[in-house]
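This is what each chain is made of:
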Amino acid sequence: MSRVGKPPIDIPAGVEVSIGDGVVRVKGPKGKLEQVILPGIKVEKEDNQIQVERSGNSPREKSFHGLMRTLIYNMVKGVTEGFEKVLDIQGVGYRAKISGKNLELQLGYSKPCSIVPPAGIEFEVPAPNRVIVRGHDKQLVGQVAADIRRLREPDPYKGKGVRYLGEQVRRKAGKTVK
């Protein structure tokens, strides 16, 4: 039995979970999400808990067991609390601002980079060098944050660029002059 897949998932008040047609649907105050049930996995709702079980003991089913439980747990947590990723912008002249719902980034290019948030994602800029990506879908929040980071990855020589808050960038030594 998978240790990750074993514990049941508690359903908080205000969250509706429906299981049918090979799909788990979760609806809460922050939004609604759905996930296809992976093959060899059985999902059951009992009282205010969701139990994830597997039908066999093949390595594939064992790995799917823990994965499916984690995906459903993230769905329940997302529709109640939500997720966020914080990005830090470092560099002279590098800054961010909100223009309507879009995120405008000055990252040293000739023109600013404009990012339109996908459905379910919102941006917040508490300071010109800090961007917060929020949403109810953990996978989408992480993907949008990675796309923003990819616009100007941290430079190993000067340390300039977009990085996650708390991310350590290994600095390289530059050329030495004799």
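Look up a bit, the structure's there.
Residues numbered from 1 in each chain as written. Predicted model: local features only at pLDDT ≥ 70, side-chain atom pairs only at ≥ 80, totals over all residues. Heavy atoms only, no water.

### Looking at the overall build of the protein chain
Step number 1: The helix and strand inventory of the protein chain stands at two helices and 13 strands.
Step number 2: Over its C-alpha atoms the protein chain spans a radius of gyration of 21 Å, topping by over 25% the 16 Å that the globule rule assigns to 178 residues.
Step number 3: Structurally, the protein chain occupies a C-alpha span of about 70 × 45 × 20 Å along its principal axes.
Step number 4: Restricting the contact set of the protein chain to residue pairs at least 6 apart, pairs at least 24 apart contribute 52%.
Step number 5: Summing over all exposed atoms, the protein chain offers an accessible surface of approximately 11,100 Å²; the carbon and sulfur share of this is 49%.
Step number 6: Mean positive and mean negative side-chain charge positions of the protein chain (32 and 20 charges, respectively) differ by 11 Å. (Helix = DSSP H or I, 4+ residues; strand = E, 2+ residues; numbered from the N terminus. Rg over C-alpha atoms; globule rule 2.2 N^0.38 Å. Contact = heavy atoms within 4.5 Å. Areas by Shrake-Rupley, 256 points an atom, 1.4 Å probe, with all protein chains shown as cover. Lys, Arg positive; Asp, Glu negative; His and termini not counted. Charge placed at Lys NZ, Arg CZ, Asp CG, Glu CD.)

### Some points on the pairing of strand β9 (residues 102–106)
In the case of a regular strand, side chains alternate between the two sheet surfaces.
Step number 1: Relative to β9, strand β8 (residues 95–99) runs antiparallel, the two sharing five bridges. Considered in β9, the bridge of Ser-99 is made with Asn-102.
Step number 2: Bridge analysis of β9 against strand β10 (residues 113–115) gives three bridges, and the strand direction is antiparallel. Of the residues in β10, the one forming a bridge with Leu-105 is Cys-113. (Pairing = 2+ DSSP bridges.)

### A few points about the packing of aromatic side chains
Each aromatic ring pair is described using two quantities: the centre-to-centre distance and the angle formed by the ring planes.
Step number 1: Considering all chains together, one arrives at zero aromatic pairs under this definition.
Step number 2: Directly above the aromatic system of Tyr-164 lies the positively charged group of Lys-85, at a separation of 5.3 Å from the ring centroid.
Step number 3: Taking NZ or CZ as reference, Arg-152 lies 4.2 Å from the ring centre of Tyr-109, over its face. (Phe/Tyr/Trp six-rings, centres within 6.5 Å; stacked < 30°, edge-to-face > 60°. Lys NZ or Arg CZ within 6 Å of the ring centre and 35° of its normal.)

### Remarks on the pairing of strand β11 (residues 121–127)
Step number 1: Here five bridges tie β11 to strand β12 (residues 130–135), and the two strands are oriented antiparallel to one another. By the bridge assignment, Glu-122 is partnered in β12 with Arg-134.
Step number 2: The hairpin turn running from β11 into β12, its antiparallel successor, is two residues long.

### What about helix α2 (residues 138–151)?
Step number 1: Under the 1.5 Å per step criterion, the end-to-end length of α2 is 21 Å for 14 residues, consistent within 8% with the ideal 20 Å.
Step number 2: Along α2, the positions that sit buried rather than exposed are Val-141, Val-144, Ala-145, Ile-148 and Arg-149. Relative to the axis of α2, the buried residues are bounded by an arc of 140 degrees and lie together on one face. Those residues of α2 that are exposed and angled more than 90 degrees off the buried face are Gln-139 and Arg-150.
Step number 3: The elements touched by buried residues of α2 are β7 (83–90), β9, β10, β11, β12 and β13 (161–164). (Expected span 1.5 Å × (residues − 1). Buried < 20%, exposed > 50% of the residue type's maximum accessible area, 1.4 Å probe, protein only. Arc of directions from axis to C-beta.)

### Re the environment of Pro-12
Step number 1: Looking at the secondary structure, you find Pro-12 in the loop between β1 (9–10) and β2 (16–20).
Step number 2: Distance from Pro-12 to Val-76, taken between C-alpha atoms, is 8.2 Å for residues 64 residues apart in sequence.
Step number 3: Sequence-distant contacts of Pro-12, defined by excluding residues within four places in its chain, comprise Val-76 and Thr-80.

### A short note on the environment of Ile-89
Step number 1: With respect to the helices, strands and loops of the structure, Ile-89 is situated in strand β7.
Step number 2: Residue Ile-89 is classed as buried on the basis of its relative accessible area of 3%.
Step number 3: Each C-alpha atom of the pair Ile-89 and Arg-134 lies 17 Å from the other, and the pair is 45 residues apart in sequence.
Step number 4: Apart from the residues lying within four places of it in its own chain, the contact partners of Ile-89 are Tyr-94, Arg-95, Ala-96, Leu-105, Leu-107, Pro-128, Asn-129, Val-131, Gly-161 and Val-162.

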